[in-house]
Amino acid sequence: MALLLSLLMALVVFSSGLVSSLGCGLFQNHVLVSKNTFMLLGQMRRISPFSCLKDRTDFRFPQEMVEASRVQKAQALSVLHEMLQQIFNLFHTEASSAVWNTTLLEQLLSGLHRQLEDLETCLLQEMGEEGSLLGMQDPTLAMRRYFQGIHLYLQEKKHSHCAWEIVRMELRRCVFVINQFARKIKK
Ligand SMILES: *[C@@H]1O[C@H](CO)[C@@H](O)[C@H](O)[C@H]1NC(C)=O
């Protein structure tokens, strides 16, 4: 019960954050899709995480990226976009479809795909307003490194069920964190 409650509160925080910060006129869609991604990643669980304790690892989520108190909107949107794109790529593989429930996987992928398209529209709009991202350090670099680590881990573990389970939990946490980060986007 306590867990359910904290999960619900988490979802509320997470949706209201997105509502107030992504100014592309697509709020409802973003909120729904993000909540859905978070929930689908939960529903996809196939084995008990307790049987996979030995496979746990620290993927070193680039925390510094989500700690800045004020971020340029275009920068933040591109980080968000990169993360969703990387999650999409990770799950859009043969290795992934061999492990996960096809129905849930398809729902996850189509939701991510839609959200990516929306974000691309926002990003183009923002970059038009702020000028290009040229001259900035590529804000998505740390995110790409983080996902490279995840790919490598899956390879090393030969895409075992436990390895995927560990990755699923990691990404669920990651979706949650990045959506909280979206609240800090400068309006
Ligand atoms: C996949 O998930 C759906 C939705 O939860 C469920 O109805 C279906 O039975 C699952 N399929 C398998 C093969 O587990």
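Residue numbering note: each chain is counted from 1, following its sequence as written. Note on the predicted model: pLDDT of at least 70 is required for a residue's local features to be given, and 80 or more for side-chain atom pairs to be given and counted; whole-chain, interface and lining totals, by contrast, use all residues. Note that water and hydrogens are dropped before the side-chain values are worked out from all heavy atoms of the structure.

Trainee: Help me understand the environment of S160 in this model?
Mentor: On the secondary structure map, S160 appears in the loop between α6 (141–156) and α7 (161–181). Residues S160 and V99 lie 61 residues apart in sequence; the distance between their C-alpha atoms is 8.4 Å. What qualifies as a polar contact is a pair of N or O atoms within 3.5 Å, subject to a donor-acceptor requirement within protein and to the restriction that residues adjacent in sequence count only when both atoms come from side chains. Only 3.0 Å separates the side chain of S160 from the backbone nitrogen of A163, close enough to count as a polar contact. In this description a helix means any DSSP run of H or I spanning at least four residues, a strand means any run of E spanning at least two, and both kinds are numbered starting from the N terminus.

Trainee: Just to check I follow, could you spell out the state of the cysteines for this structure?
Mentor: Here, the term disulfide refers to a pair of cysteine sulfur atoms separated by no more than 2.5 Å. With the rule as written, the count across this model stands at one disulfide. Note that C52 is cross-linked by a disulfide to C162, the S-S spacing being 2.1 Å. The S-S bond linking C52 to C162 shows a torsion near -80°; that makes this disulfide left-handed. Linking C52 in the loop between α2 (27–43) and α3 (73–91) with C162 in helix α7, this pair joins segments that are 110 residues apart in sequence.

Trainee: So what exactly am I meant to see when it comes to unusual backbone geometry here?
Mentor: Generally, phi is negative for residues other than glycine and the peptide bonds are trans, each holding for most cases. Backbone geometry places R60, a non-glycine residue, at a positive phi of 55°. The phi dihedral of H159 falls on the positive side, at around 50°, and the residue is not glycine.

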